[in-house]
Amino acid sequence: MPSRPRKYWLMKSEPDVYSIDHLAKDGKAEWDGIRNYQARNFMRDEMKVGDLVIFYHSNAKPPGAAGVARVASAPYPDPTQFQKKSKYFDAKSSKDDPRWILVDVEFVERFDELVGLGDLKGDPALEGMLLIQKGQRLSIQPVDKKHFKRVLTVAGAKTKVS
DNA sequence: GCCAACGTTGGC
DNA sequence: GCCAACGTTGGC
């Protein structure tokens, strides 16, 4: 039994860099490269194994919700922060006190058709969803259960949320 | 490619 | 602690 109700999330990824198809192929991935404190805090403090995630394609043509993933590990330090050759290297971070934390994410399903940002914005049932607020750029964000379920419905998803 | 919105950095 | 400068995000 989960010790708290399952939470719901949305995580953005640029499909040119890492798409839902990449995740489908890999099965599981380290969600590395997050260098925003608010996004890090969600992974470090609030995500639990089993939480469901909308996998969102950003900077894409078109942008939109591409599928579903699941949190698959406890939080742990992002290894790329210590790799000098990585674009995510952070000289100010130390192994004793790592600044950047990530979780593993595993593939659940790929939507038959991407639910475009325009459709999300035009859906009255999604009113108030963080993603569609003006100026909102957080790459990891919480999603209300009702909004999460709505996106799955619109997508014709196989994943069911009780 | 443009640029609005937002976050971070660093001088003071 | 303020805030200008700068860098990034991400839709268009």
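To start, this report covers the structure provided alongside it. (Residues numbered from 1 in each chain as written. Chains lettered and ligands numbered in written order. Predicted model: local features only at pLDDT ≥ 70, side-chain atom pairs only at ≥ 80, totals over all residues. Heavy atoms only, no water.)

1. Observations concerning the environment of G67
Now for step 1: Positionally, G67 belongs in strand β4 (residues 64–71).
Now for step 2: For G67, a relative accessible area of 0% translates into the label buried.
Now for step 3: A sequence separation of 21 residues divides G67 from Y88, and the C-alpha atoms of the two residues are 26 Å apart. (Helix = DSSP H or I, 4+ residues; strand = E, 2+ residues; numbered from the N terminus. Buried < 20%, exposed > 50% of the residue type's maximum accessible area, 1.4 Å probe, protein only.)

2. Topic: the protein's contact with DNA strand B
Now for step 1: Lining the immediate surroundings of DNA strand B are Y37, K92, K134, G135 and R137.
Now for step 2: Residue K134 places a side-chain N or O atom 2.9 Å away from a phosphate oxygen belonging to DNA strand B.
Now for step 3: At a separation of 2.7 Å, a base oxygen of DNA strand B approaches a polar side-chain atom of R137.
Now for step 4: For the surface near DNA strand B, the residue count by class is 1 nonpolar, 1 polar and 3 charged. (Near = heavy atom within 4 Å. Polar contact = N/O pair within 3.5 Å; in protein donor to acceptor, adjacent residues only side chain to side chain. Nonpolar A, V, L, I, M, F, W, Y, C, P; charged D, E, K, R; others polar.)

3. Looking at the protein's contact with DNA strand C
Now for step 1: Inspection of the region around DNA strand C gives K12, Y56, S58, N59, P63, L117, K121 and R137 as its neighbouring residues.
Now for step 2: Near-protein atoms of DNA strand C (within 4 Å) split between backbone and bases, with sugar and phosphate holding 64%.
Now for step 3: Contact distances for DNA strand C include 2.8 Å between a phosphate oxygen and a side-chain N or O atom of Y56.
Now for step 4: Within the backbone of R137, one N or O atom sits 2.6 Å away from a phosphate oxygen of DNA strand C.
Now for step 5: Its residues assigned to classes, the surface near DNA strand C shows 3 nonpolar, 2 polar and 3 charged.

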